[in-house]
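# Remarks on the overall topology
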Amino acid sequence: MALGNVNLTPQLVQAVRDAADIVTIAGDHTRLKKAGRRYQGLCPLHKEKTPSFSVDPVQGLFYCFGCGQGGDAIKLHMLTTGDDFPAAIESLAGRFGIPLPRRDRHSAREGRDGREGRDIAGALAAAADYFAGELRRSSFALAYLEKRRIPGDLITRFGLGYAPDSWDGLRTALTGKVPLADLEAAGLVGRSARSGDPYDRFRHRLMFPIHNPAGRLVGFGGRTLGDDKAKYVNTAETDQFHKGNLLYGLHLAKREIRESGRAVLVEGYFDVIGTVASGLEGAVAGMGTALTPEQARLLSRYAETVVVAYDGDAAGEGAFRRALPLLLAERLGVRRARFGQGHDPDSLRLAEGPEAVGRAIDGAEDGVLLEMERLIPKDAARDPHQTAAAGAAVRQLVGVVADPVARHNYLRRAAERLGIAEKVFLAQLAERRPGTPGPAAPAPSGPGEAARPAGIVRSLEERVLERLLNGVGVPARDELPVAEVFLDPQCRNIYQVFCTLYGDGRSGDSPPDVREVLAGLGSRGELIDRMAQILVEAPFGSKELEDLETAPVGPPRGEGEPVVSDLLAELGRRFQEKRLRELAGEIGEAQRRGGDDALLTRLYDEKRRLSLSFHRRPGSGAGRGAG
Ligand SMILES: [Zn+2]
């Protein structure tokens, strides 16, 4: 999505980076604890049980040593919301009060929300306000919520609203505020097929705002309060609103889900609210359709286990059986809550009280075992054909279970129930026909496993940069070596920006701090990410972190750590050695070719100078003049 209406100047990007509070942004997605000057928590970017995510508010950087992701506030916003860079700038600017320089009005709406320049987000937000206001005014709708015993704080929390029984209530209320075309693009206003006249699509309905996982309003669901045959209606699909990719309530539940590891998957919007009203957080619902693989994947970003709390009727059982393999395929544990007598969580709460819902969900049983019981009837072992059919069905189900130990356990129990020897059953599994699902291969190792191990070995160049950027023992500007002594291109680029800022006299003689270097890097995202890694990376409980906790400012310090001038000297020596080896080759080559005495003289001269400085004592600015 191109941001058509905002000029993305470097000044704007920097203003946003300075204003955006990285702790606030991280706090939307994970609970942070203060440790020294930093904050730690469970990583919002990968699933984990022990915290490896670290945020430094002073530097404005984050890093996760579990998955290796790091960067500034803009990057964190992009990774947690899915926004692209321009959308991130716009969103953060709005949130942290940076005015956006607008282009002229003609180009202003182009490209927004990808629909010929319509401002869908603006239309949805205005509609949400309108619906909420109408709910407060409608004694009928309030009485309905009262009857369903929805507490007032949950009406607010879920942003419930009411679309009055009118063909033009929304349009009239928003005249002059939101263009009609925007309301149409957002799926809030339709057109009569006969006359072409516009009309409000939601009439006499209780309105449920629907958000994406990042918490952005993307559409509405509306439940009729009259006798409309369509009990529930959603806004039309837009670029932002794909029913199959959304889970109702996830933006409110995700933190709880990540912390408890458990999500409660229910069928309807009222079930989500009813489950929360029963004192259980972490409830989400599909969007009135069968669970999709995308929704299962979305859940797996937050949950370890999913309690399926669908209705106890035949439709609910069928939906559970379709959802089960999708959830298992995402390495989720699956449990099935039973409500009895055709209840769902909300109706059970109304009939037997909130404790009954809690008991049903806490007492949920293993979903695979339940399904195995259904697939293998009690007397299956007596009929060889039934045994074979049941065995095949179980193998197909259990084949999706990713964890080998769990898988083996299920198969052992199935063999028992089928009355066949475990060995025989497992052997059959091995020779299954091609095309039938077998045991899932171990999932590819996550980015966390690819990232560096907890015992971090920093390169010499990273150690130098960490100290320079933290302003520890930085030599005078003219004692710094040339940038070529850094062989890692990213480190070299960061160092170059550091040196340029150091020399420009903008802050007297003092070296630039982290924020200034970040500003100097502008939009060079990969360099900012690398800086975050260098500066924030530190495993919890490590010596480095303990040091950080006792020393509120400054870099991690260890006993006997070399000072920066020694490290720089080592860099210089390493560069000289490399250059001397190259020179030897170049001299040999020039001698072979012959005829270019000037070149040979120049090469010999460089070699002599290098050799001389190479044997000077360390720490005496050996790197200088090496290039
Ligand atoms: Zn992570």
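Our structure's up above, just so we're on the same page.
Scope of this entry: the structure provided in the associated data block. Keep in mind it's a predicted model, so treat the numbers as computed, not measured.

This part takes up the overall build of the protein. Each helix and strand in the protein was counted, giving 28 helices and 17 strands. Considering the protein as a whole, with its 627 residues, one finds that 49% of them fall into the buried category. In the protein, 65% of the contacts between residues at least 6 apart in sequence involve partners at least 24 apart. Only carbon and sulfur atoms are counted for the fraction: they give 52% of the accessible area of the protein, which is about 29,100 Å².

Before going further, it helps to spend a moment on the packing of helix α18 (residues 384–399) against helix α19 (residues 404–418). A pair of packed helices can be characterised by two numbers: the angle between their axes and the separation between those axes. Between α18 and α19, the shortest axis-to-axis distance is 10 Å and the interhelical angle comes to 170 degrees. Taken together, α18 and α19 sit at an angle that is classed as roughly antiparallel. Where α18 approaches α19, its residues T387, A390, G391, V394, V398 and G399 are matched on the opposing element by R407, Y410, L411, A414 and L418. Broken down by class, the residue content of the contact of α18 with α19 amounts to 7 nonpolar, 3 polar and 1 charged.

Attention shifts here to the sheet that holds strand β3 (residues 53–56). In any sheet, the strands associate via hydrogen bonds between backbone groups, in a parallel or an antiparallel arrangement. With antiparallel pairing, 5 strands are arranged side by side in an open sheet as β1-β2-β3-β4-β5. A strand with exactly one partner marks an edge of an open sheet, and here the two such strands are β1 (33–35) and β5 (70–72). Adjacent strand axes in the sheet meet at a mean angle of 25 degrees, parallel and antiparallel pairs treated alike. The pairing of strand β4 (residues 61–64) with β5 spans 3 bridges and is classified as antiparallel. Looking at the pairing, L61 lines up with D72 of β5. Helix α25 (residues 525–536) contacts β2 (38–41), β3, β4 and β5 of the sheet and is inclined by roughly 70 degrees relative to β4.

In β2, alternate side chains face the same way, and those of R38 and Q40 on one face and Y39 and G41 on the other are all buried. With 3 bridges connecting them, β1 and β2 associate as antiparallel partners. Directly across from K33, in β2, lies its bridge partner Q40. Remark: 2 residues form the turn of the hairpin made by β1 and β2, two consecutive strands paired antiparallel; G36 in that turn has positive phi of roughly 65 degrees. Where β2 and β3 come together, 3 bridges link them in antiparallel fashion. Residue pairing for β3: Q40 is matched across the bridge by S54.

The next subject is the coordination of the zinc ion. Within the first shell, the zinc ion binds the protein through C43 (SG), H46 (ND1), C64 (SG) and C67 (SG), at distances of 2.1 to 2.3 Å. Because the angles between the 4 donor atoms bound to the zinc ion fall within 103 to 120 degrees, the donor set is best described as tetrahedral. Along the chain, the residues that donate to the zinc ion are spaced as C-x2-H-x17-C-x2-C. Residue H46 is found in the loop between β2 and β3, and its partner C64 is found in strand β4; the two are separated by 18 residues along the sequence. The two residues H46 and C64 agree in class, both being buried.

The next thing to look at is the pairing of strand β12 (residues 262–266). Along β12, 4 of the 5 residues are buried, which leaves the element largely enclosed by surrounding structure. Relative to strand β14 (residues 305–308), β12 is paired through 4 bridges, and the arrangement is parallel. For A263, the partnering residue across the bridge sits in β14 and is V306. Direction of pairing for β12 relative to strand β13 (residues 283–285): parallel, over a ladder of 3 bridges. Within β13, the residue paired with L265 across the bridge is V284.

At their nearest, the axes of helix α6 (residues 120–137) and helix α7 (residues 139–147) sit 5 Å apart, and the two run at 85 degrees to each other. With respect to α7, the axis of α6 lies roughly perpendicular. For the pair α6 and α7, contact is made by L135, R136 and R137 and by S139, A141, L142 and L145, respectively. Looking at the contact of α6 with α7 residue by residue, the classes come out as 4 nonpolar, 1 polar and 2 charged.

With that settled, consider the nonpolar core. Among the nonpolar cores identified, the biggest contains 41 residues, and L327 and V368 are the most heavily contacted of them. Of all the elements in the fold, those that place two or more residues in this core are α11 (250–260), β12, α13 (293–300), β14, α14 (314–329), α17 (367–375), α18 and α19. Considering every element that reaches this core, the biggest residue donor is α14, with 6 residues. If we skip the residues at most four places from it in the chain, V368 touches L324, L328, V334, L397, V398, V401 and Y410. F241, L280, M287 and V357 belong to the second largest nonpolar core, which has 39 residues in total.

Attention now goes to the sheet that holds strand β15 (residues 333–336). Taken together, 5 strands build an open sheet; the order of strands is β13-β12-β14-β15-β16 and the sheet is mixed. Where the open sheet ends on each side, the last strands, each with one partner, are β13 and β16 (365–366).

The next thing to look at is the packing of aromatic side chains. Enumeration according to the criterion identifies 13 aromatic pairs in this entry. Ring centres of F486 and Y495 lie 4.4 Å apart, and the angle between their planes is 35 degrees; on these two criteria the pair is classed as tilted. Neither F486 nor Y495 differs from the other in exposure class; each is buried. An aromatic cluster of three or more residues is present, and its members are Y144, F158, F208, Y232, Y248, Y269 and F270. A cation over a ring is seen here: R148 above F270, with NZ or CZ 3.7 Å from the ring centre. Lying across the ring of W167, R203 places its NZ or CZ 3.8 Å from the centre.

Here we take up the pattern of salt bridges. Taken as a whole and assessed by the stated rule, the structure comprises 30 salt bridges. For the salt bridge of E317 with R338, the shortest nitrogen-to-oxygen distance reads 3.0 Å. Placement of E317 in helix α14 and of R338 in the loop between β15 and α15 (345–352) is noted, with a sequence separation of 21 residues between them. Looking at E317, the relative accessible area reads 19%, which means it is buried. Note that E371 and R374 form a salt bridge whose closest N and O atoms lie 2.8 Å from each other.

This part takes up empty space enclosed by the protein. Here the structure, examined in full by the defined rule, presents 4 cavities of 30 Å³ or more. Here the largest cavity defines a volume of roughly 50 Å³. For the lining of the largest cavity, the element with the highest residue contribution is α11, accounting for 3 residues. Considering only residue class, the lining of the largest cavity consists of 2 nonpolar, 2 polar and 4 charged.

Rules of the game
Residues numbered from 1 in each chain as written. Predicted model: local features only at pLDDT ≥ 70, side-chain atom pairs only at ≥ 80, totals over all residues. Heavy atoms only, no water. Helix = DSSP H or I, 4+ residues; strand = E, 2+ residues; numbered from the N terminus. Buried < 20%, exposed > 50% of the residue type's maximum accessible area, 1.4 Å probe, protein only. Contact = heavy atoms within 4.5 Å. Areas by Shrake-Rupley, 256 points an atom, 1.4 Å probe, with all protein chains shown as cover. Axes fitted to C-alpha atoms, helices over the stretch in contact; angles between N-to-C directions. Parallel < 35°, antiparallel > 145°, perpendicular 65-115°, else oblique. Nonpolar A, V, L, I, M, F, W, Y, C, P; charged D, E, K, R; others polar. Pairing = 2+ DSSP bridges. Donors = N, O, S within 2.8 Å, 3.2 Å for Na, K, Ca; no water. Tetrahedral: all angles 85-135°; square planar, octahedral: opposite > 155°, others 65-115°. Core = buried A, V, L, I, M, F, W, Y, C linked by side-chain atoms within 4.5 Å. Phe/Tyr/Trp six-rings, centres within 6.5 Å; stacked < 30°, edge-to-face > 60°. Lys NZ or Arg CZ within 6 Å of the ring centre and 35° of its normal. Salt bridge = Lys/Arg side-chain N within 4 Å of Asp/Glu carboxyl O. 1 Å grid on protein atoms, 1.4 Å probe; cavity = no way out; pocket = protein on both sides within 12 Å on 5 of 7 lines; lining within 4 Å. Points joined across faces, edges and corners; volume = space filled by probe spheres on them.

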